[in-house]
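Architecture at a glance
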Amino acid sequence: MDNNAWEFATLAIRAGHVRTAEGEHSEAIFPTSSFVFGSAAEAAARFGGSEPGNIYARFTNPTVRYFQERLAALEGGESCVATSSGMSAILAVMLGLLKAGDHVLCSRSVFGTTTLLLQNYIGKFGVEISFADLTDLADWEAGLQSNTRLLFAETPANPLTEVVSIRELAELAHRNGSLLVIDNCFCTPALQRPLELGADIVVHSATKYLDGQGRALGGAIVGDAERVGKDVYGVLRTGGVSMSPFNAWIFLKGLETLSLRMKAHCDNAMQLAHWLEAHPAIGQVFYPGLAAHPQHELARQQQSGFGGIVSFIVRGGQEAAWKVIDSTRMLSITANLGDAKSTITHPATTTHGRLSAEQKRQSGIADGLLRVSVGLENIQDIQRDLMQGLGEA
Ligand SMILES: *Cc1c(COP(=O)(O)O)cnc(C)c1O
């Protein structure tokens, strides 16, 4: 059977795996830093690039390659580069594609560390950074400059789950001769494939749903052979932001169940969102699957599921929100997300705690806002755990 004809769930289990002569069924882990050549001429040919093959594990390792090829197949991209973390994936994109004098236009609602990476570090090297309101295409357009090289966005965004049209943002970018980079961490390719919608590059924190069980740190970049396969790969080869083969193996196992897990996350999140929406202690619920969500229609067209992140405002501000957190017995109090275990976070005092009161107001980070990464536990147990602080629905 032609591998190209495989459906998503099959690719997630089968793509990219090459068995060794041992005939192992599960993917082999190669804990080796270097590889041996048959002759001086073969070593020279490998280093020179005239012969393919393994050289040194900073930039070639079979287990990491299995993962890269599998994720490339799932995102529908020509090339994938795996990295040590989601942040190093974003760093490698910036180092590989930008030069002094370029401009990056970034969504205001991205992962906080991404904003810091751009402002505090990439900005040091003569790259201009500015920000646009994720859901306002006119604001993106107004922010474009002749030197804008990259547009960077996450959709849905954290923690308020706002959604932007990837297709329209890609058109805007391309009309300006710029590239669109999408952080696809919240949806994963199981729910959203940005390259098919016109984005040029996808970045991932594999730490979240791709692993799915909170075990390992990793990241990846997917896109075309020129920019990702050469320019970004060059940063990995020389800069060494490499993924360990042990972690690549964990992510391979994670990908095998990705479709099933994402479906179960979506089902649980949808039920929780409806339950919260009807709860008298809740002021507002943020979930793209709700008809009341401002971009519900767009999310329905762009995504094949609404994801596992649900945020909501508890009446009574920070005190009431903290009471909900401190009354839970099962939900994990941690800022991590995309895990089989449900987690609960108070953004205003953790992930967004460094924002000023005015910045919080502007970005909608209310004192009573809670974010739940809805896990795979029984939904009634999740609701019962929240009920201890919220009261009965
Ligand atoms: C966690 C996260 C990152 C950073 O990934 P790490 O693996 O923690 O470095 C980037 N983007 C999003 C949306 C994230 O949630």
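The structure presented is a predicted model; accordingly, all values stated were derived computationally and were not measured.

**Quick word on the pattern of salt bridges**
Throughout the structure, instances matching the rule amount to 16 salt bridges. Here R70 makes a salt bridge to E27, at a shortest N to O gap of 2.7 Å. Residue R70 is found in helix 3 (residues 62-75), and its partner E27 is found in the loop between helix 1 (8-14) and helix 2 (40-48); the two are separated by 43 residues along the sequence. When sorted by exposure, R70 lands in the same class as E27, which is buried. A salt bridge links E358 to R361, with the shortest nitrogen-to-oxygen separation between them at 2.9 Å. In this pair, E358 and R361 are both assigned in helix 14 (residues 357-362), 3 residues apart and thus about one turn of the helix distant. Each member of the salt-bridge network shares a partner with another, and the members are E27, R70, K253 and E256.

**Regarding the domain arrangement of the protein chain**
The domains assigned to the protein chain are domain 1 (3-30 + 61-256) and domain 2 (259-392). One C-alpha centre belongs to domain 1, the other to domain 2, and the line joining them spans 25 Å. For domain 1, the biggest contributors to the area lost against domain 2 are L160, L191 and Y209; these three give 28% of the whole. Linking domain 1 with domain 2 are 0 salt bridges. At the boundary of domain 1 with domain 2, the tally comes to 13 residue pairs in polar contact (both at pLDDT 80 or more).

**Here's the deal with the packing of aromatic side chains**
Evaluated as defined, the whole model comprises 3 aromatic pairs. Between F37 and F47 the ring centres are 6.0 Å apart and the planes differ by 65°, which places this aromatic pair in the edge-to-face class. Taken together, the positions of F37 in the loop between helix 1 and helix 2 and F47 in helix 2 put the pair 10 residues apart, joining distant regions of the chain. For F37, a relative accessible area of 23% corresponds to the partly exposed category. Each ring, one from F67 and one from F251, has its centre 5.6 Å from the other, and the planes form 45°; the classification is tilted. In this pair, F67 is assigned in helix 3 and F251 in helix 10 (residues 245-256), connecting sequence segments 184 residues apart. As far as burial versus exposure is concerned, F67 and F251 are alike and both buried.

**Regarding the nonpolar core**
Proteins that are soluble and globular tend to have nonpolar side chains buried together. Of all hydrophobic cores here, the largest spans 37 residues; its most connected members are F67, L71, L210, V222 and L258. At the level of secondary structure, the elements contributing two or more residues to this core comprise helix 1, helix 3, strand 1 (79-83), helix 8 (188-191), strand 7 (219-223), helix 10 and helix 11 (258-277). The leading source of residues in this core is helix 3, at 6 residues. For this core, the two domains that each supply at least three residues are domain 1 (3-30 + 61-256) and domain 2 (259-392). Sequence-distant contacts of L71, defined by excluding residues within four places in its chain, comprise C80, P189, H204, L210, A220, V222 and L255.

What counts and how
- For every chain, the first residue of the written sequence is number 1, and numbering continues from 1 along that sequence.
- Local features are withheld for residues below a pLDDT of 70 in this predicted model, meaning they are given only at 70 or higher, and side-chain atom pairs are given and counted only at 80 or more; totals for whole chains, interfaces and linings count all residues.
- Water and hydrogen atoms play no part in the side-chain values, which are based on all heavy atoms of the structure.
- Just to be clear on terms, a salt bridge is a Lys or Arg side-chain nitrogen sitting within 4 Å of an Asp or Glu carboxyl oxygen.
- Runs of H or I in DSSP of at least four residues are treated as helices and runs of E of at least two as strands, each being numbered from the N terminus.
- The cut-offs for exposure are 20% and 50% of the maximum accessible area for each residue type, with area from a 1.4 Å probe on protein chains only; residues under the lower value are buried, those over the upper are exposed, and the others partly exposed.
- Note that domain bounds follow an automatic or database assignment of domains.
- A 1.4 Å probe defines the accessible area here, and the buried area is the portion of it lost by two parts on being joined, summed over both.
- Think of a polar contact as two N or O atoms within 3.5 Å of one another; within protein, one of them needs to be a possible hydrogen donor and the other a possible acceptor, and neighboring residues in sequence only count if both atoms come from side chains.
- Centre distance within 6.5 Å is the pairing criterion for rings of Phe, Tyr and Trp, where only the six-membered ring of Trp is used; planes under 30 degrees apart are then read as stacked, over 60 as edge-to-face, and the remainder as tilted.
- Remark: nonpolar core denotes a set of buried residues (Ala, Val, Leu, Ile, Met, Phe, Trp, Tyr, Cys) joined through side-chain atoms within 4.5 Å.
- Residue contacts are defined here by distance: any two heavy atoms, one from each residue, within 4.5 Å place the two residues in contact.

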